[in-house]
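# Coordinate inspection notes
Listed below are the residues making up each chain.
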Amino acid sequence: MGIRQTRVFVPSNDPEENWAETLIGKLFRPLTARFSDHLEWFWFSRYGPITSDSSDCDIAKIPFEYKISTHTGSGISHRSMRFRYFIADHQQEAFEQWALQMLTKQGYCVSDFRPYDFVGDTGSNRFLGNENRRPNRAMQRAQLVTQFYMASSRLVIDALVGPDDAGRYRMETNDDFQNPGGSSFQSIHHLYCNITCTPTDVYVFQKAGLDVIGFGTFINPPTAPPGGWDGSTAYSIWF
C-alpha cells in the first residue's frame, strides 16, 4: 500500500508572507483534488525558517537557493512543508509524477518521495497515553490522529483565498467578534480546547539583570538575548 511522504522546499526568494498558504494553493489543493478518488488520506505541516531539521528528505540534494542564510550569517535555514498521504497502489506512480511536475513548474523542490511509517509516527507514545499503551492500540490511535490531521488540512484548503494578481494565496479573513485576530480558526481552536481540555501554557522568559522578558511556549520560545534566557515561568490559561 502507498503510505508515503515527501518534503517540499520553498526557494529563498519566495516572499515570507503567506509562503505556506501559497504552496498549499499551488500544489496540495490541485493535487488532492485531482486524485481525490484514490487518496485514503493526506495531511501537511509547515516548518521554518529552521536550521536543524533535515529529516524526511535527503537534505544534500536540496539546492542552495532553497536554503536561506541565517541572521547570524552562519549556517543555513530553510522553509518547507511535509506532505504525508495514502494513495492507491495503482495510482502511486501517476500521483508522484504529477506532483513532481507541478512543484517543479511552480519553483518548489523535493529530494524524493519515500515510505512513511504512520503508525510509528502518529501511533507513537507521543500521541498515546500511558494507560492505553496496549497491543493494537497504536494502530487505532494512528488512524484517529491521522483523520484529525486530514480534517485540519482539508479545512485549511477550504479556507484559502486566491490566487491574487501575483499568484499568491492567503487564508480567509473573519470579522466575527469571536475571532478577534481575524481567523476562522480561532473559533475552531477554542472548541478544540473546549472538547479536549488540552493544557495550554504561556511561558514568560526572564534575563537576570536586564529589564528584558519574552513570551512563548515550551516548543517555541522567543528569540533569546545575548547569553540566553536565565529562566522561565509557565502560566496556565483557559483558551
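Heads up: these notes are all about the structure in this document. (Residues numbered from 1 in each chain as written. Predicted model: local features only at pLDDT ≥ 70, side-chain atom pairs only at ≥ 80, totals over all residues. Heavy atoms only, no water.)

## Points about the pairing of strand β1 (residues 2–9)
Most of β1 sits inside the fold, with eight of its eight residues counted as buried. Judged by which residues are buried, β1 turns out to be covered on both faces: G2, R4, T6 and V8 on one side and I3, Q5, R7 and F9 on the other are all buried. Where β1 and strand β4 (residues 76–87) come together, eight bridges link them in antiparallel fashion. Within β4, the residue paired with Q5 across the bridge is R84. Bridging between β1 and strand β5 (residues 113–115) involves three bridges; their strand directions are antiparallel. The residue of β5 that forms the bridge with R4 is P115. (Buried < 20%, exposed > 50% of the residue type's maximum accessible area, 1.4 Å probe, protein only. Helix = DSSP H or I, 4+ residues; strand = E, 2+ residues; numbered from the N terminus. Pairing = 2+ DSSP bridges.)

## Comments concerning the pairing of β4
In terms of burial, β4 is largely enclosed, as eleven of its twelve residues are buried. Inspection of the sheet shows strand β2 (residues 39–50) paired to β4 by nine bridges, in the antiparallel sense. Of the residues in β4, the one forming a bridge with Y47 is S80.

## Thoughts on the packing of helix α1 (residues 19–34) against helix α2 (residues 92–105)
It is the contact of α1 with α2, at a shortest axis distance of 10 Å, that shows an interaxial angle of 150°. Considered as vectors, α1 and α2 are oriented roughly antiparallel to each other. As for how α1 packs across α2, the hand of that crossing is right-handed. Taking contact as the criterion, the partners of K26, L27, P30, L31 and R34 in α1 are, on α2, F95, W98, A99, M102 and L103. For the contact of α1 with α2, the class distribution of residues is eight nonpolar, no polar and two charged. (Axes fitted to C-alpha atoms, helices over the stretch in contact; angles between N-to-C directions. Parallel < 35°, antiparallel > 145°, perpendicular 65-115°, else oblique. Left-handed = near helix turned anticlockwise from the far one by under 90°. Contact = heavy atoms within 4.5 Å. Nonpolar A, V, L, I, M, F, W, Y, C, P; charged D, E, K, R; others polar.)

## Remarks on the packing of aromatic side chains
Summed over the entire model, instances satisfying the criterion amount to 18 aromatic pairs. Aromatic pair W43 and Y149: ring centres 4.5 Å apart, planes at 50°, arrangement tilted. Of this pair, W43 sits in strand β2 while Y149 sits in helix α4 (residues 137–158); the two residues are 106 residues apart in sequence, bridging distant segments of the chain. For W43, a relative accessible area of 7% puts it in the buried group. Among the residues examined, Y149 registers a relative accessible area of 21% and is labelled partly exposed. Ring geometry for F127 versus Y149: centroids 6.4 Å apart, planes at 80°, classification edge-to-face. Highlighted residues: F127 in the loop between α3 (118–122) and α4 and Y149 in helix α4, separated in sequence by 22 residues. Here the guanidinium or amino end of R7 rests over the ring plane of Y47, the centre of that ring lying 5.9 Å away. The ring of Y47 carries the charged tip of R82 above its face, separated from the ring centre by 4.4 Å. (Phe/Tyr/Trp six-rings, centres within 6.5 Å; stacked < 30°, edge-to-face > 60°. Lys NZ or Arg CZ within 6 Å of the ring centre and 35° of its normal.)

## Thoughts on the state of the cysteines
What the rule picks out here adds up to zero disulfides. Cysteine C109 remains unbridged, with the sulfur of C57 as its closest cysteine sulfur at 9.3 Å. For C109, a relative accessible area of 10% corresponds to the buried category. (Disulfide = S-S within 2.5 Å.)

## Some words on unusual backbone geometry
At the junction of G48 and P49, the peptide bond is cis and its omega measures out at 0° in the coordinates. Position of P49 relative to the elements: it lies in strand β2. Phi angles above zero are rare outside glycine, and D56 is one such case at about 60°. Tracing the chain through its elements places D56 in the loop between β2 and β3 (68–69).

## Structural notes on the sheet that holds strand β9 (residues 212–216)
Reading across the sheet, the three strands line up as β9-β8-β10 and stay open at both edges, with antiparallel pairing between neighbours. Where the open sheet ends on each side, the last strands, each with one partner, are β9 and β10 (231–237). Pairwise comparison of adjacent strand axes, ignoring direction, gives a mean angle of 25° for this sheet. With seven bridges connecting them, strand β8 (residues 200–207) and β10 associate as antiparallel partners. Paired with F205 across the two strands is S232, which belongs to β10.

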